[in-house]
Amino acid sequence: SQQGEEDPQALSIQEGENATMNCSYKTSINNLQWYRQNSGRGLVHLILIRSNEREKHSGRLRVTLDTSKKSSSLLITASRAADTASYFCASNSGGGADGLTFGKGTHLIIQP
Amino acid sequence: EAGVAQSPRYKIIEKRQSVAFWCNPISGHATLYWYQQILGQGPKLLIQFQNNGVVDDSQLPKDRFSAERLKGVDSTLKIQPAKLEDSAVYLCASSLAPTSYEQYFGPGTRLTVT
């Protein structure tokens with residue numbers, strides 16, 4: 001079953017703008033991960049945030065986690081055309097090595 | 001470093017036929033996962049292996065799906081007999097868990113059941 005829900009389902013912005021997408025999950029987690037999927041490179045891991053972390057940065061990516069609200073957000077700054085893809089949050093509820101529970105994804109389109 | 005390999009990339013079969021997918025994980029990755037991704041949805045875990053043992057197959061439709069990972073390296077996922085609703089992309093992933101929880105995905109096999 002799908003545990004996470006991303007919001008919005010689709011997002012279209014101009015190149016250079018920032019993109020924010022949100023994710024909610026239902027059960028307690030060990031960690032939450034964000035993945036990107038496009039036709040060229042398949043499903044690629046972007047960033048992992050552990051349940052005891054509140055914020056994490058990686059290049060142009062910033063992820064926040066609020067375990068009290070069971071939610072996370074992904075911010076992509078200074079967007080580029082190559083960022084056009086579907087973005088999924090995936091929660092891991094076991095000891096960390098368990099299979100992931102993915103949301104339905106946010107489809108991001110960067111307009112040139 | 002070579003990534004996760006999957007074959008075939010595409011497969012079209014008729015309902016009630018059987019099909020098999022193959023996965024070769026990244027060298028040294030003991031943990032292997034199979035996911036099913038239906039169009040417009042996120043991937044759904046079907047089965048997880050640790051070396052050659054099954055860790056979680058709670059979401060695997062065992063009346064028609066089977067999977068094995070002989071020798072703890074390559075894995076095969078089989079569907080027999082296939083139904084129309086099995087049309088999806090089947091993704092294989094591997095990880096260095098428990099050292100690292102990041103999962104590396106293969107390109108997937110797109111299955112169409114007619």
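The text that follows walks through the structure, step by step, so that each part is easy to find. (Residues numbered from 1 in each chain as written. Chains lettered and ligands numbered in written order. Predicted model: local features only at pLDDT ≥ 70, side-chain atom pairs only at ≥ 80, totals over all residues. Heavy atoms only, no water.)

### Brief notes about the pairing of strand S9 (residues 85-92) of chain A
All names here are of chain A. For S9, the buried fraction is high: eight of the eight residues fall into the buried class. Burial along S9 is two-sided: the residues Ala85, Tyr87, Cys89 and Ser91 and Ser86, Phe88, Ala90 and Asn92 are all buried. Bridge count for strand S4 (residues 31-38) against S9 is seven bridges, and the pairing is antiparallel. In the strand pairing of S9, Gln33 is matched with Ala90. Sheet analysis places S9 next to strand S11 (residues 106-111), joined by three bridges and oriented antiparallel. Bridged to Ala85 within S11 is Leu108. (Buried < 20%, exposed > 50% of the residue type's maximum accessible area, 1.4 Å probe, protein only. Helix = DSSP H or I, 4+ residues; strand = E, 2+ residues; numbered from the N terminus. Pairing = 2+ DSSP bridges.)

### Describing the side chain of A:Gln33
Along the chain, the position of A:Gln33 falls in strand S4. Among the polar contacts made by the side chain of A:Gln33, one reaches the side chain of A:Tyr35 at a distance of 2.7 Å. Discounting chain neighbours no more than four positions away, the residues touching A:Gln33 are A:His45, A:Ile47, A:Leu48, A:Phe88, A:Cys89, A:Ala90, A:Leu100, B:Tyr101, B:Glu102 and B:Gln103. (Polar contact = N/O pair within 3.5 Å; in protein donor to acceptor, adjacent residues only side chain to side chain. Contact = heavy atoms within 4.5 Å.)

### Focus: the environment of A:Arg54
All names here are of chain A. Tracing the backbone shows Arg54 in the loop between strand S5 (42-50) and strand S6 (55-58). For Arg54, a relative accessible area of 44% puts it in the partly exposed group. Here the alpha-carbon distance between Arg54 and Leu108, two residues 54 residues apart in the chain, equals 24 Å. If near-sequence neighbours (up to four positions away) are discounted, Arg54 is found in contact with Ile49, Val63, Thr64, Leu65 and Thr67. A distance of 3.1 Å separates a polar side-chain atom of Arg54 from the backbone oxygen of Ser51.

### Some details on the interface of chain A and chain B
A common way to report how large an interface is uses the accessible area buried once the components associate. In this complex, chain A contributes 21 residues to the contact, which on the side of chain B involves 17 residues. Across the interface of chain A and chain B, roughly 1,500 Å² is buried in total on both sides, 51% from carbon and sulfur atoms. Applying the counting rule to chain A against chain B returns six residue pairs in polar contact (both at pLDDT 80 or more). Breaking the side of chain A that touches chain B down by element, the ones donating at least two residues are S4 and S5 of chain A. Partitioned by chemical class, the residues of the side of chain A that touches chain B number seven nonpolar, eleven polar and three charged. (Buried area = accessible area lost by both parts, 1.4 Å probe. Nonpolar A, V, L, I, M, F, W, Y, C, P; charged D, E, K, R; others polar.)

Function-wise, these values are silent; they only describe arrangement.
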